[in-house]
Amino acid sequence: MSTEWKNERHSQAAVDGAHSRPAGIDDRTVEALGELSKALETIHRVRGHLYSAHQLVGGADLTLDRVVKLLREAGHDEVADRVEHELLGRNVLPGRWTFQIVEEFDDGYYAAFQEIERDAREKLAGGRRHIYEAEMKERRRTHGMPGHEATP
């Protein structure tokens, strides 16, 4: 989080009740929960990249069918055989296609990260999300200015 925020004098007001700081929560806890949320958001992006890789690898593998066909039509059976037998359908990691990688990620690291972040919010902030950001929004918006409303 911004060191500027840490050093500035700030209020604990939030844009709405759903994102307000429960009584008794100090600045460090709000900041820690904000950082944990930020880290989880990064892991959401990682998950998206894994699914992109899964789809890209799958598409490339399907393209190899056409490669083999074209090589055979051009009379390059030896090269076609190598592509067909050594590359087409090959594991990207030992024993794993990409669907197995994304399943392991989803069921392991990703699920644990989400559960720990949710548990921390429940224990420390009554389950409220984005308290840090809601307070930042309240500090940074210009009251009464169009486009700076607290809520929709």
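Residues numbered from 1 in each chain as written. Predicted model: local features only at pLDDT ≥ 70, side-chain atom pairs only at ≥ 80, totals over all residues. Heavy atoms only, no water.

A. Spotlight on the overall build of the protein chain. For the protein chain, the helix and strand inventory stands at five helices and zero strands. Listed N to C, the secondary structure of the protein chain is α-α-α-α-α in terms of helices and strands. Over its C-alpha trace the protein chain gives a radius of gyration of 25 Å, far above what one expects of a compact globule, namely 15 Å for 152 residues. Reported as C-alpha extents along the three principal axes, the dimensions of the protein chain are approximately 75 × 35 × 25 Å. For the protein chain, buried positions account for 25% of its 152 residues. If you take every contact in the protein chain between residues at least 6 apart in sequence, the share linking residues at least 24 apart comes to 70%. (Helix = DSSP H or I, 4+ residues; strand = E, 2+ residues; numbered from the N terminus. Rg over C-alpha atoms; globule rule 2.2 N^0.38 Å. Buried < 20%, exposed > 50% of the residue type's maximum accessible area, 1.4 Å probe, protein only. Contact = heavy atoms within 4.5 Å.)

B. The arrangement of helix α5 (residues 131-140) in detail. Those residues of α5 lying buried are I131, Y132, A134, E135, E138 and R139. Axial view of α5: buried residues confined to an arc of 170°, hence all on one face. (Arc of directions from axis to C-beta.)

C. Helix α4 (residues 98-125), seen in detail. The sharpest bend along α4 reaches about 40° and sits at D106. Along α4, the residues that are buried comprise T98, V102, F105, D106, Y110, F113, E117, A120, R121 and A125. If you follow the buried residues of α4, they end up packed against α2 (27-73) and α5. Just past α4, the residue G126 takes up positive phi, approximately 60°. (Bend = angle between axes of the 7 residues up to and from the residue.)

D. Representation of the nonpolar core in the model. Grouped together as the largest cluster of nonpolar side chains are seven residues: I25, V30, L33, A120, A125, I131 and Y132. Residue assignment for this core shows that the elements contributing at least two residues are α2, α4 and α5. (Core = buried A, V, L, I, M, F, W, Y, C linked by side-chain atoms within 4.5 Å.)

E. Seen up close, the pattern of salt bridges. In the structure shown here, the tally under the stated rule is 12 salt bridges. Ionic pairing is found between R72 and D77, a salt bridge with its closest N-O pair at 3.6 Å. Judged by its relative accessible area of 30%, R72 falls in the partly exposed class. For D77, a relative accessible area of 41% corresponds to the partly exposed category. Here K123 ties to D119 by a salt bridge, and the two come within 3.1 Å at their closest N and O atoms. Of this pair, K123 and D119 both sit in helix α4, four residues apart, roughly one helical turn. (Salt bridge = Lys/Arg side-chain N within 4 Å of Asp/Glu carboxyl O.)

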